[in-house]
Amino acid sequence: GSGGGSGAGPSQEPEGEEAEAVAAAEGEAVAAAEEAELAAALQESARLEEERRVAEEQPPQPEAPPREEEPPPADFICPITTEVMSDPVMATDGHSYERKQIERWLATKSTSPMTGEALVQSFLAPNHTLRRM
């Protein structure tokens, strides 16, 4: 009769020690693939951590290099104070001055601070053009 399949021909499945060896090899292959994947993930994580650390250590860099601030045009500078005028006025010599400074000058002198020549009048006109800039 039938003896439990023992005469049915060669089996497709490995048996005994051979089956254990195949299973062990497959397990090792899976473990090796998982280990390689883990190593790659750890390497990427370390790279990202290093980028983050370097970024924290360095101050943020401006997108464009900072330009040195250009000095204001000479017309904006009071010849008496050598500073930018906030309330510019034009004297009869045709030059502009900071109002308080030229008023102080004209309180004791009747000459132009720029030319040294006599000022016929001490009239001061607001210089609206310079003030707007």
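Look up a bit, the structure's there.
For clarity, every value in this text was computed on a predicted model and none was experimentally measured. By convention here, each chain's residues receive numbers from 1 onward along its written sequence. Reporting in this predicted model follows two pLDDT cut-offs: at least 70 for local features of residues, and 80 or more for side-chain atom pairs to be given and counted; totals over whole chains, interfaces and linings ignore these cut-offs and use all residues. Computation of side-chain values: all heavy atoms of the structure, hydrogens and water removed.

## Remarks on the overall build of the protein chain
Note the threshold: A run of H or I in DSSP becomes a helix once it reaches four residues, and a run of E becomes a strand once it reaches two; helices and strands are each numbered from the N terminus. Relative accessibility under 20% of the residue-type maximum defines a buried residue, over 50% an exposed one, and the middle range a partly exposed one, all with a 1.4 Å probe and only protein chains included. Whether two residues are in contact is decided by their heavy atoms: any pair within 4.5 Å suffices. The Shrake-Rupley method, run with a 1.4 Å probe, gives the accessible areas here. Residue values count only the displayed protein chains as cover.
In terms of regular secondary structure, the protein chain is built from three helices and three strands. For the protein chain, the α and β elements follow one another from N to C terminus as α-β-β-α-β-α. Here the protein chain, with 133 residues, has 12% of them falling under the buried criterion. Restricting to contacts in the protein chain with at least 6 residues of sequence separation, those with at least 24 account for 34%. Element-wise, carbon and sulfur atoms account for 54% of the exposed surface of the protein chain, whose accessible area totals about 10900 Å².

## Quick notes on the packing of aromatic side chains
What counts is decided by this rule: Each Phe, Tyr or Trp ring, with Trp reduced to its six-membered ring, pairs with another whose centre is within 6.5 Å; inter-plane angles below 30 degrees give stacked pairs, above 60 give edge-to-face pairs, and intermediate values give tilted ones. Charges are assigned to positions over rings by a cutoff of 6 Å between ring centre and Lys NZ or Arg CZ, combined with an angular limit of 35 degrees from the ring normal.
Evaluated as defined, the whole model comprises zero aromatic pairs. Residue placement shows Lys-109 over the ring face of Trp-105; its charged tip is 4.5 Å from the ring centre.

## Some details on unusual backbone geometry
If a residue is not glycine, its phi is most likely negative; likewise, a peptide bond is most likely trans. With phi around 60°, Thr-82 is a residue other than glycine that occupies positive phi space. Tracing the backbone through its elements, the reader meets Thr-82 in the loop between helix H1 (17-57) and strand S1 (88-90).

## Overview of the sheet that holds strand S3 (residues 125-126)
In plain terms, the rule: The criterion for strand pairing is that DSSP finds at least two bridges linking the strands in question. Helix axes are fitted only over the stretch in contact, all axes being lines through C-alpha atoms; the angle between N-to-C directions runs from 0 to 180 degrees.
In spatial order, the strands read S2-S1-S3; together these three strands make up an open sheet with antiparallel pairing. Each edge of the open sheet is held by one strand with a lone partner, namely strand S2 (96-98) and S3. Where S1 lies against S3, two bridges are found, and the strand directions are antiparallel. In the strand pairing of S3, Val-89 is matched with Pro-126. Seen against the sheet, helix H2 (residues 99-108) touches S1, S2 and S3 and runs at an angle of roughly 95° to S2.

## Considering the nonpolar core
For the record, the criterion: We define the nonpolar core as a collection of buried residues of types Ala, Val, Leu, Ile, Met, Phe, Trp, Tyr and Cys that are connected through side-chain atoms lying within 4.5 Å of one another.
By size, the foremost hydrophobic cluster in this structure holds 11 residues: Phe-76, Cys-78, Met-85, Val-89, Ala-91, Tyr-97, Ile-102, Leu-106, Leu-119, Leu-124 and Leu-130. Those residues within four positions of Val-89 in sequence are excluded, and the remaining contacts are His-95, Ser-96, Tyr-97, Arg-99, Ile-102, Leu-124, Ala-125, Pro-126 and Asn-127.

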